[in-house]
Every structure is written in C-alpha cells, then in structure tokens.
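Breakdown of the fold
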Amino acid sequence: MKPLATVRIAGRALRRNKLRSLLTMLGIVIGVAAVITTVSIGAGARAQVQAQIDSLGRNVILIFSGSVSRGGARGGMGSAATLTVEDAVAIGREVPGVAAVSPDQRVPVQVIFGNQNWYTMAMGEGGNYLQIRQWPLSRGDMFGDQHVRASAKVAVIGQTVTEQLFGEGDPVGQTIRVGNVPFLVIGELAAKGNSVRGEDQDDIVLIPYTSLMRRIQGTTNLRGIIAQAEDTGQLSATQEQITSLMRQRHRISGTKEDDFTVRTQEEIAQTAGETSRIMTVLLGAIASVSLVVGGIGIMNIMLVSVTERTREIGIRMAVGAKGHAILLQFLVEAITLSIIGGVLGIALGVASSKLVAIRMGWPTLTSFSSAVIAFLFSAAVGVFFGFYPARKASLMDPIEALRYE
Amino acid sequence: MSPEDPVISLEDIRKTYVMGDVEVQAVRGVTLRISRGDFVALMGARGSGQSSMMNILGCLDRPTEGRYFLGGEDVSGLDRNELAEIRNEKIGFVFQGFNLLPRTSAIENVELPMLYGRSDLTASEQRDRAARALDMVGLGDRIHHEPKQLSGGQQQRVAIARALANDPALLLADEPTGNLDTQTSVEIMGLFQELNSRGITVVMVTHEPDIARFARRNVVMRDGCIIRDEVVARRLDAAQELGQLREARQMAEVVP
C-alpha cells in the first residue's frame, strides 16, 4: 500500500463530507489566527518599547543624585542633589570604559517668542550630549564646548517647542526667552517621539548646563550625569567602576547607603521589556487555549465520524484494507484538516494583525517564525487529536462493522 | 492447476462462539470442496450456520477448528493482516445491501480494492481497469454516477464490478438478490451465470430456492452441518427466464 494512495483515499473521504470538513477546520482556523494575531500585537508592542529604549542612546549609563532621608522622611531620586560638575569630570577622566560624559540638569521653564509662550523643560547638557543620545539635528548646529565654557546664551530646541512657538517657521537664528533670559536658537532637534515612560522627548529646550545652572537656576549641584560606555560588553563593569569612584568621592564607606543611583540602559530595557513580555505570554496563552479547543473539536468530530462511518470502515476492510491503512487514512484526514486549517488560520491571522494595525493604530509585527510555529503546532494538533479516533477505527472487526446500521 | 483442482477445500471446519457462559456451535464439522468454475448456492434457514460459513469462506473470520485451503493455500491460521491481503487479492464480495461508499462515484467505488492492493498500478491504470469492470457489468455509461443516482440493480452491478476489480479467484455473494425485485434478481443472476461461464468461481448464500436454481450446485445447511449437497437438476437459464418475464408482462398489458 503506497503512501500516495492513503492521501488519495483521505482526500476523497474529506471531499465527500465538505460541510463537516469545513466546520472541523473552523476551530483550527480561529485558533491559529488568534495565536498569530496576539503574538503579532505582542511582538509589535515589544518592538515599540525596544525602539524607545534605543532612543535613549547607545550604551548609556545614567547617574542620578540619590535620595536622602531627613528625620525619617525620604526624598525622591535627585532630591538631595548630591552630584556636582566635578563628579562628572572625574567620571570622564578616571573611569577607563567611559567614552563620553555630560552633566544632566533639568528645570521646567516658560519659553517665549513674540506673542507665543510655552511651558517646557530646559535641559542643561554638555556639548557632546547629542552624541551620547545618538540624536541628530534637523536644522542648524549643536552648541560646543566653547559655548559651555562661556555659559553662552544659545539653545537647541525640540520639534514640539518649534511647533508651539514658531508654527511652520524656521526657529534657527531667532531669539527666544528662556525664563527671563534671551537665548539665540542655533539648532533644532530631529523628532524622537515618546520615551519609555510616555513623555514627549521633543518637548525640550537644550542649553549648555553652565548657562542653565548660572543664568536660570542659580545652583551648583547636579540632578544627574549621563555617561556613555565604550562598549556594550563593558556596560556593567563600567557601572561598577562609576559606583566605586562615586562612593570614594562622596566619602561613603563600608555598608552605608549610596547617595546616588547608577543605572544602565540594559536595566531600563529589562524593566520596560518585562511588561510587554508578560503581556505577550498572557495573550499567547489565551490564544493557545482556543487552538487546543480547536483540536478537541477535531477529535470530537473525528470520533463521531468514525462511528458514523463504521459501515464504510467495514467495506474498506472487506475489500482488503489492513488495520494500519484505516489508521493512516483517518490520521491523514485529521492532519489534512488541521494543516489546511492552519494555513487558512495563518492567512486570517496576518490579515487581522494588519487590520488591528490600521484600525486601532497598534503596532503589530508578524514574524515568519510565529507563522511556522503556528503551522507546525496545528499539524501536531491533528496528529495528537486524530490518533485516538483513527486507532479506534483501525481496531474494528470487519464483520461487526459491516453489520452496523 | 487443472480445472478439477478445488478452489476451496474445507476440512472439518468448526466455529464456536463464546457468549458469556454459553458456547454456541455455529458450524459443526463441515467438509466441502468447490472446484474451479463451479457456481454454488449455499442454502439454509436463518441460524443454520451459513452466515458463519460465509464469514469463514470470505476470510473475514477464522475457523475455531479445521483447515481451510483457498487456491491451495492454507488460510485457517493467518492473522488479521494476512487475511486482509487474501481478501484483497483472491476474494470479491457482493452483499445484500450493496455496501457501496455513499457520495462516491461508481468508478471510485470500483477502484477501492485496487487502492489497498499490493500491485504497482498507476492511478490511470486503476481508472482504466475500473472502467473496464463497469463496462463488463453493463454500466459503462454510468461510471460517474453516485449510488443514490442508481437503481438497486445498478448499485448491485457496481458492487459486482468492485468485486471483480482485483481479478479474484472467488466471487462470494451474500444474499445478492435479497433487496431486489424479481426481474432485477434474474438480471443479476444472469450476470453471475455469464461471469461463471468465463471461469469465475461463484459461491452465493441465499434463502430463495428459485434463486438457488440458477446455480450449478446447491449445498443446504441445517444446525451447522451440511444436510444436502446436490447438482441442480433443472438449472434455470437467466436469459430464458428474462424472456419469459417479458412475455408475461406483455400479456398482462394486453389482457387487463
């Protein structure tokens, strides 16, 4: 008995019962489509989070001034303002794995141009800040070290600020007031979108940290420092070196708590990625349940079908079908149904992910591997749930089966 | 093998069914030889053991005791799969209820035994052979009809074509005319006689003495034993009978 003959026999049997074959397939179609869609949504969300994390820059290490407790009440991160510009300089000079370092100071301010005003975040940074953040300009230039040394009144503004103050106009060369100080706009940042926390990263005014600290804020302490490690593999080693340097500089000994926090991009990525990963697993698990239910549907209908087709089985055995030929026929029928169902399910799943992306604006990402896995899984469902009914059919006694009404 | 060599040789066949504590002896020592080219009607009342005999002859069941030689081969000790091969290659079945696959064309029904065979026929060779078999039973123009589009007699012809598909040594018919009217029954008997005249051995179980008279030889069973085994003295010829039936009908039309 040739394998091709089994496929022909099974194919004929399925064609004889088109409606039943379609209904059986439906469970698998819906199951696979649900898995593909949810996995696409999950993968899309993860990709978005990853893009946001990448927008932080490359190999970034963030140092925040730590919390201090006064009389038992603890302030938040940065409340103590324990960091200084000298700390930043020391990190750049003494930690070997650090490629670049910039003080990072922020204060909310009102910006004014003509009769327009906008409330935004003034960020005081070093001249190399945009390299650390991997952030291109759309117009003009970034300020340099000479501007920082001179506490120059120059600003590079984000797209949101441009929109609010200038509308469609070109901001470069214009003078805006930051707080009450006039600043010359020398550049505009390219759009960056939302951060991991959902903040608009384009709603900023970038000025030299010296200008911010002296001219606007009047402080000598830093909220934070942003550093860039030379190489991704060295990220955590560099993090440790920065920590020990800072403990030394701040004279923190033994088991005393740090008055600062050092976090790497990887750690931030892990925290943010975890949420979307859990969501994907949860959605996938729910969708898999529907796939299993689809499989049970196949088994159910195959069992009914075996009983209903008892006489057919008897006829086949009478003309010389062996037990394993019957087993193979029913198994091939089940697998054929689940494979065709799987293919249709993949098509439906891809279509519905696209629909979700278009209608709901969610980012979806359908990967080839998720389609392959769904396909293999549906074939496995066919084998698994088809085997019991097939075996039941193959063990029938031909005389009993022929007599069955 | 000369024509006198038996196709079927049964030696003291016994079949006992165990139902709970009760043992039922359905066949109690049957010895029978059927030669090549014979046409045997196996008769007897319900429960006389001829159904069990039929199952054993058709290799659907094994005898509890005794030996069964089919075409010289001892098949009484074969297992399930070996019996399936014998059924496929050496035996063609015709049933009372036709037993065709529903919603399946006549030609696909006839192809069925070839699908399970060991031969190396290609799909198109199988199709040709099935078409020839259907042609032989007079249904060459209905090969794509499904069973429900065919009359009872036509369905039985499809079943006979299916039985002939693998060129068997033995055609085994279990009450082939049980569901058919007189005219159609005679037509089917005509087909059996024609096939028999071409050398196919036919064994047929029937309750109807009229039908049994189309065979060459009648074997009558009672209580699991053969009580009579005789050559049919005045054998009916189906072609002749059909002619008489037609005449009778014409008479009925003329004389209301």
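Residues numbered from 1 in each chain as written. Chains lettered and ligands numbered in written order. Predicted model: local features only at pLDDT ≥ 70, side-chain atom pairs only at ≥ 80, totals over all residues. Heavy atoms only, no water.

1. What to know about a nonpolar patch on the surface
Residue and element names in this part refer to chain A. The cut-off we apply is this: Like-charged residues within 9 Å of one another, or nonpolar side chains (Val, Leu, Ile, Met, Phe, Trp, Tyr) within 5 Å, are grouped into patches, provided each residue has over 30% relative accessible area and no salt bridge. Accessible areas in this description were obtained via Shrake-Rupley with a 1.4 Å probe; residue shielding takes into account the shown protein chains only. Put simply, a salt bridge is a Lys or Arg side-chain nitrogen that is within 4 Å of an Asp or Glu carboxyl oxygen. Only DSSP runs of H or I with at least four residues qualify as helices, and only runs of E with at least two residues qualify as strands; both kinds are numbered from the N terminus onward. Per-residue accessibility, obtained with a 1.4 Å probe over protein chains only, is compared with the maximum for each type, and a residue is labelled buried under 20%, exposed over 50%, and partly exposed between these values.
A cluster of nonpolar residues, Leu 19, Leu 23, Leu 26 and Ile 30, forms a patch on the protein surface that exposes about 410 Å² of accessible area. Looking at the element boundaries, Leu 23 is found in helix 2 (residues 18–54). Classification of Leu 23 by relative accessible area gives exposed; the value is 51%.

2. Topic: the interface of chain B and chain A
A common way to state how big an interface is: give the accessible area lost once the parts meet. Selection criterion: Here, two residues are considered to be in contact whenever any of their heavy atoms come within 4.5 Å of each other. A simple way to read buried area is as the amount of 1.4 Å-probe accessible surface that goes missing from two parts once joined, with both sides added. By the criterion applied in these results, polar contacts are pairs of N or O atoms within 3.5 Å in which, for protein atoms, one can donate a hydrogen and the other can accept it, and in which residues neighboring in sequence qualify only through two side-chain atoms. Residue type decides the class: Asp, Glu, Lys and Arg count as charged, Ala, Val, Leu, Ile, Met, Phe, Trp, Tyr, Cys and Pro as nonpolar, and the leftover types, Gly among them, as polar.
With 31 residues of chain B at the interface, the matching set in chain A holds 28 residues. Of all residues in chain B, Arg 80, Leu 115 and Tyr 116 of chain B give up the largest surface area on contact with chain A, accounting jointly for 28% of the area buried on that side. Seen at the junction of chain B and chain A, the total is 3 salt bridges. With its nearest N and O atoms 3.6 Å apart, the salt bridge here joins Glu 108 of chain B to Arg 12 of chain A. Taken together, the connections running from chain B to chain A amount to 12 residue pairs in polar contact (both at pLDDT 80 or more). For the side of chain B that touches chain A, the secondary structure elements donating two or more residues are helix 2 (80–90), helix 3 (106–115) and helix 4 (123–136) of chain B. If you tally residues by element for the side of chain B that touches chain A, the top one is helix 2 of chain B, at 6 residues. Looking at the side of chain B that touches chain A, its residues break down into 13 nonpolar, 8 polar and 10 charged.

3. Description of the pairing of strand 7 (residues 170–174) of chain B
All names here are of chain B. As a reminder, the rule being used: When DSSP locates at least two bridges between a pair of strands, those strands are taken to pair. Convention used here: a crossover is right-handed provided that the path from the first strand, over the helix, to the second strand proceeds clockwise when the strands point away from the viewer.
Across the 5 residues of strand 7, 4 count as buried, placing the element largely inside the fold. As defined by bridge partners, strand 7 adjoins strand 8 (residues 201–206) across 5 bridges and the pair is classed as parallel. Paired with Ala 173 across the two strands is Met 204, which belongs to strand 8. Traced from strand 7 through helix 6 (residues 182–197) to strand 8, the parallel crossover comes out right-handed.

4. Here's the deal with the packing of helix 2 of chain A against helix 12 (residues 368–394) of chain A
Residue and element names in this part refer to chain A. Here is the rule we go by: Axis lines are fitted through C-alpha atoms, for helices just across the contact stretch, and the angle between N-to-C directions can take any value from 0 to 180 degrees. Angle categories are assigned with fixed cut-offs, so that under 35 degrees is roughly parallel, over 145 is roughly antiparallel, 65 to 115 is roughly perpendicular, and the rest are oblique. Helix crossings fall into two classes, left-handed where the near helix is turned counterclockwise from the far one by less than a right angle and right-handed where it is turned clockwise.
Viewed as axis vectors pointing N to C, helix 2 and helix 12 meet at an angle of 155 degrees, and their least axial separation amounts to 10 Å. With respect to helix 12, the axis of helix 2 lies roughly antiparallel. Regarding helix 2 and helix 12, the two cross each other, and that crossing is right-handed. The segment helix 2 lies against helix 12, with Ile 28, Val 32, Ile 36 and Val 39 engaging Ser 370, Ala 371, Ala 374, Ser 378 and Val 381.

5. Comments concerning the sheet that holds strand 6 (residues 91–94) of chain B
All names here are of chain B. Judged by pairing direction, the sheet is mixed, and its 6 strands sit side by side in the order 6-7-8-3-9-10 without closing on themselves. In this open sheet, the two edge strands, each paired with only one partner strand, are strand 6 and strand 10 (225–231). Strand-to-strand twist in this sheet, taken as the mean axis angle between neighbours without regard to direction, amounts to 20 degrees. Packed on one face of the sheet, helix 1 (residues 50–57) meets strand 3 (39–43), strand 6, strand 7, strand 8 and strand 9 (217–222) and runs near 150 degrees to strand 7.

6. Looking at the layout of surface pockets
It is the rolling of a water-molecule-sized probe over the atoms that shows where space remains empty. Worth spelling out the cut-off: The rule is simple: put a 1 Å grid over the protein atoms alone, call a set of points where a 1.4 Å probe fits but cannot get out a cavity, call an open set with protein on both sides within 12 Å along at least five of seven lines a pocket, and count a residue as lining if it has an atom within 4 Å of a point. Grid points are joined across faces, edges and corners, and a volume is the space filled by probe spheres set on the points.
Volume-wise, the largest pocket comes out at about 1,100 Å³. In terms of lining, the largest pocket is formed by 39 residues, of which the most central are Ile 399 and Arg 403 of chain A together with Ser 51, Asn 55 and Asp 174 of chain B. For the lining of the largest pocket, the secondary structure elements donating two or more residues are helix 13 (398–403) of chain A together with strand 1 (6–19), strand 2 (22–35), helix 1, helix 2, strand 6 and strand 7 of chain B. Here the second largest pocket defines a volume of roughly 770 Å³. Lining the second largest pocket are 30 residues, and of these Leu 56, Arg 106, Ser 195, Arg 197 and Glu 199 of chain A lie nearest its centre. Among the elements of the structure, strand 1 (60–65), strand 5 (98–113), strand 6 (116–125), helix 4 (129–133), strand 13 (224–229) and helix 9 (265–308) of chain A are those that each provide at least two residues to the lining of the second largest pocket. Residue composition of the lining of the second largest pocket, by class: 14 nonpolar, 7 polar and 9 charged.

7. Some words on the domain arrangement of chain A
The cut-off we apply is this: Start and end positions for the domains come from either an automated domain assignment or a database one.
Its domain assignment divides chain A into domain 1 (3–52 + 271–403) and domain 2 (97–230). Here the C-alpha centroids of domain 1 of chain A and domain 2 of chain A sit 56 Å apart.

8. Observations regarding the side chain of Lys 192 of chain A
Residues and elements named next belong to chain A. Applicable threshold: Counting rule applied: Lys, Arg positive; Asp, Glu negative; His and chain ends not counted.
Within the secondary structure, Lys 192 is located in the loop between strand 10 (181–189) and strand 11 (204–208). The side chain of Lys 192 sits in the buried core without any salt bridge; Asp 202 is the nearest counter-charge, 8.0 Å away. Among the polar contacts made by the side chain of Lys 192, one reaches the main-chain carbonyl oxygen of Arg 133 at a distance of 3.0 Å. In this view, Lys 192 contacts Ser 55, Arg 133, Gln 134, Trp 135, Gln 201 and Asp 202; residues no more than four positions away in its chain are not counted.

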